Amino acid sequence: MLFYSFFKSLVGKDVVVELKNDVSICGTLHSVDQYLNIKLTDISVTDPDKYPHMLSVKNCFIRGSVVRYVQLPADEVDTQLLQDAARKEAAAQTR
């Protein structure tokens, strides 16, 4: 639940999603659900020469199970808050 809450706070920010098939998609995070499925708007592919068929796509839905990495803007990540939340969740699970 920690990551779901964290990604919900990033709605409207620009992110780069790298998929397990080595496609990297840049776009604005529109929504995320509890399965970490991601919906992006205003997308572009980082390597358009390799994936020319993606040039006409403007919005996409990405299933959470095919995501390898999500690159976030550094100034949007509050590491202290994230560490505190992780500690609280870990403590709650040990009870």
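Quick caveat: nothing in here was measured; it's all calculated off a predicted structure.

The pairing of strand 1 (residues 14-19) with strand 2 (residues 24-32) spans five bridges and is antiparallel. Along strand 2, the bridge assignment pairs D14 with T28. In textbook terms, the turn of a hairpin is the stretch between consecutive antiparallel strands, and for strand 1 and strand 2 this stretch comprises four residues, one of which, D22, has a positive phi near 70 degrees. By the bridge criterion, six bridges tie strand 2 to strand 3 (residues 38-45) in an arrangement that is antiparallel. Across the sheet, I25 pairs through a bridge with V45, a residue of strand 3. Hairpin connection, strand 2 to strand 3: the antiparallel pair is bridged by five residues, and L36 has positive phi, about 60 degrees.

Looking now at the pattern of salt bridges. It is possible for side chains of opposite charge to pair when their charged atoms get near one another. Applying the stated criterion across every chain, the model contains three salt bridges. The salt bridge partner of R68 is E18, with a shortest N-O separation of 2.9 Å. In this pair, R68 sits in strand 5 (residues 67-71) while E18 sits in strand 1, placing the two residues 50 residues apart along the sequence. Residue R68 pairs with D22 through a salt bridge whose shortest N-O separation is 2.7 Å. Of this pair, R68 sits in strand 5 while D22 sits in the loop between strand 1 and strand 2, and the two are 46 residues apart along the sequence. For R68, a relative accessible area of 34% translates into the label partly exposed. Three or more residues joined by partner-sharing salt bridges are found here, namely E18, D22 and R68.

Here we come to the UniProt feature "domain: Sm" (unreviewed entry) in the protein. Residues given the UniProt feature "domain: Sm" (unreviewed entry) here are residues 2-76. Annotated as 9% helix and 43% strand, the span residues 2-76 places its first and last C-alpha atoms 16 Å apart.

Moving on: the environment of P73. Note on placement: P73 falls in the loop between strand 5 and helix 2 (79-94). Sequence spacing of P73 and E18 is 55 residues, and the spatial spacing of their C-alpha atoms is 14 Å. Sequence-distant contacts of P73, that is, excluding residues within four places in its chain, are made with D14 and V15.

Attention now moves to the nonpolar core. Membership of the largest hydrophobic core comes to 19 residues, with the highest contact counts inside it found for V17, L19, I25, I38, L40 and I62. If you list the elements that add at least two residues to this core, you get helix 1 (2-8), strand 1, strand 2, strand 3 and strand 4 (59-62). At four residues, the largest contribution of residues to this core is made by strand 3. With residues up to four places along the chain from it excluded, the contact list for I62 reads V17, L19, I25, N37, I38, L40 and V67.

Definitions and cut-offs
- Residues numbered from 1 in each chain as written.
- Predicted model: local features only at pLDDT ≥ 70, side-chain atom pairs only at ≥ 80, totals over all residues.
- Heavy atoms only, no water.
- Pairing = 2+ DSSP bridges.
- Helix = DSSP H or I, 4+ residues; strand = E, 2+ residues; numbered from the N terminus.
- Salt bridge = Lys/Arg side-chain N within 4 Å of Asp/Glu carboxyl O.
- Buried < 20%, exposed > 50% of the residue type's maximum accessible area, 1.4 Å probe, protein only.
- UniProt positions renumbered as here; feature names shortened; annotations may be inferred.
- Contact = heavy atoms within 4.5 Å.
- Core = buried A, V, L, I, M, F, W, Y, C linked by side-chain atoms within 4.5 Å.

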